[in-house]
Every structure is written in C-alpha cells, then in structure tokens.
Amino acid sequence: MKVGTDGVLLGAWAEGGKRILDIGTGTGLIALMMAQRFPASTIDAIEIDSDAASQAVDNVKLSSFSNIVHVMNGSFQDFASRMPSKQYDSIVSNPPFFNNSLKNPDEARMLARHTDTLSFRDLFHGVEKLLMDDGVFSAIIPATEKASFISEASLCGLFLLRDYSVCSKVGKMPKRSLLAFGKTRLKDVENQTVTIVDTDGNRSDWYSSLTSAFYIK
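Okay, so let's go over this structure. This is a predicted model, so every value here is computed, not measured. (Residues numbered from 1 in each chain as written. Predicted model: local features only at pLDDT ≥ 70, side-chain atom pairs only at ≥ 80, totals over all residues. Heavy atoms only, no water.)

## A look at the nonpolar core
Quick note on the threshold: Definition used in this section: a nonpolar core is a set of buried Ala, Val, Leu, Ile, Met, Phe, Trp, Tyr and Cys residues joined via side-chain atoms within 4.5 Å. Exposure categories follow from relative accessible area, calculated using a 1.4 Å probe and restricted to protein chains: below 20% of the type maximum is buried, above 50% is exposed, and the middle band is partly exposed. Numbering of helices and strands runs from the N terminus; a helix is a DSSP stretch of H or I covering at least four residues, while a strand is a stretch of E covering at least two. Contacts were defined at the residue level, with two residues in contact if any of their heavy atoms lie within 4.5 Å.
Judged by nonpolar contacts, the single largest core of 31 residues is most densely connected at Leu-9, Leu-10, Trp-13, Met-34, Ile-43, Val-69 and Leu-178. When contributions to this core are tallied by element, the ones reaching two or more residues are helix 1 (5–13), helix 2 (29–37), strand 2 (42–47), strand 5 (131–142), strand 6 (159–169), strand 7 (174–182), strand 8 (190–197) and helix 8 (205–211). Residues within four places of Ile-43 in sequence aside, it is in contact with Ile-20, Ala-31, Met-34, Ala-35, Ile-68, Val-69 and His-70. Of all hydrophobic cores here, the second largest spans 25 residues; its members include Phe-120, Ala-139, Ala-153 and Leu-179.

## Here we look at the side chain of Thr-25
Take Thr-25: it is sitting in the loop between strand 1 (19–23) and helix 2. Here Thr-25 is in contact with Ala-31, Ala-45, Ile-46, Glu-47 and Ala-56, once residues within four sequence places are set aside.

## Some points on the sheet that holds strand 1
Rule in force here: A pair of strands is considered paired only if DSSP assigns at least 2 bridges between the two. Axis definition: a line fitted to C-alpha atoms, over the contacting stretch in the case of helices. Angles run 0 to 180 degrees between N-to-C directions.
Pairing within the open sheet is mixed, and its eight strands lie in the order 3-2-1-4-5-7-6-8. Two strands in the sheet have a free side with no partner beyond their single neighbour: strand 3 (69–73) and strand 8. Adjacent strand axes in the sheet meet at a mean angle of 15 degrees, parallel and antiparallel pairs treated alike. Docked against the sheet, helix 2 engages strand 1, strand 2, strand 3 and strand 4 (88–93), running at close to 175 degrees with respect to strand 2. Each of strand 2 and strand 3 is contacted by helix 3 (residues 50–61), which is oriented at about 165 degrees to strand 3, the strand it contacts most.

## Examining helix 1
Of all nine residues that make up helix 1, eight are buried, and the element is covered over most of its length. Among the residues making up helix 1, those that are buried are Asp-6, Gly-7, Val-8, Leu-9, Leu-10, Gly-11, Ala-12 and Trp-13.

## Re the packing of aromatic side chains
What counts here: Between the rings of Phe, Tyr and Trp (Trp by its six-membered ring), a pair exists once the centres lie within 6.5 Å; its type follows the angle of the planes, with under 30 degrees stacked, over 60 edge-to-face, and the other angles tilted. Working rule: Lys NZ or Arg CZ, within 6 Å of ring centre, within 35 degrees of ring normal, means a charge sits over the ring.
According to the stated counting rule, one finds seven aromatic pairs in the structure shown. Aromatic pair Phe-124 and Phe-137: ring centres 5.6 Å apart, planes at 90 degrees, arrangement edge-to-face. Of the two residues, Phe-124 is situated in helix 6 (residues 120–130) and Phe-137 in strand 5; the sequence distance between them amounts to 13 residues. Taken individually, Phe-124 and Phe-137 each receive the classification buried, so the pair is uniform in this respect. Stacked on the ring of Tyr-88, the Lys or Arg Arg-19 has its end atom at 5.0 Å from the ring centre. Positioned above the aromatic ring of Tyr-164, the side-chain terminus of Arg-162 is 5.6 Å from the ring centre.

As structure tokens, this is what we get:
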C-alpha cells in the first residue's frame, strides 16, 4: 500500500494523547506519524489484513518508535469486544468508506477501502466503548460520506467537534473531510475549508504548515 495523502493529512491533523489507538493502520503510516508528534504516548495499531500488518510490524521495527507503537493483526470489532475496559484519550482512523460499490480485484485494497469488513456503525460502536469521556476520535473520509458518518456517530453518542473540508485545489469542491468527535456536545463546532494546493500549483500554506515535519527537506 502506497503512502497516500489521506493518511498524511490525518496523521498530521489528528488530536493526540497519552494512549492512542489507530484503527486500520495499514502499513503503519498514521501510527508512526502520531508517534513522531507525541513521543511520550503509547500507541496500539490494529490491522485486519495480515500482509499489511506484517509490513507495519517491520516498519515500526525500523523506526525510532518501536518502543511505543504496538501492531496487532485482527478485526477492530473483535478487539473492541475483547478489550472493553481498555481506554484511549485519542483514537484515529482512516476507515473503509465505499458502500455498495464495485469491488477492487486486489483483495487487500478491497479490505482497506470497502465497509464490508468495518461498517461505520461497527466503527462508532467500538470507538464509543474505547474512548475516554474527554477523549477525541479523529477520522478522514470522502466528503460524499460525511453526512452518513456524522449521523452514525450521533447514534452512538459521539458529537462533532471539528470539521475541516479539504479541497485538492483552489476553486474545487471538497473531496475529503477531516472530522473530530467527542462525547460532549459543543455549542460551536470548529469549521474550516482548507486547500492542499494553491493557485500556483504549490503546497498551500495550510498544508505546508500542517505537514512540514514529515517531509525530507
């Protein structure tokens, strides 16, 4: 699995904590970014695909964060049912998002992208169990799925805290939504529309500021 913009955005934007859970870590990108940002934390990373989990283990071993990042191979539903007393103050996920769409012939990419293995409802049921009362769940999803994602969150007692609409270029419609949820409803939700590339075709000031620590200069 290649390093994608979605993972980079979430890893750089998500709120951290002392105990962090990365749901669907893939090859470990977001977990390692969170480790770089919050080196005093402990991070559990779950991945259902065995090959991706194995690569995540290797990537963690080769990093400077092997003492704080722990990769587990298995489903999030099973983890949430087995560890109901385990609590995190930060949970992050770049979840599967395609519903009832054409399946990718590559099974690994299909697992990563389709909700067959982790529906929004299952995701939020598990997050509600594992998130501390003052914790934050951060996710990135396609803008077209935002309404249903927020609806499922509210059914599980999780309320929107931050909502960033991400446009690929100036003048384009948002393609992704960076969303943060908590267990306490806020009177005012933080809303922003941001852009990855500016009018000159360069990284925007917002994107550069957000991700500069992760690019080789």
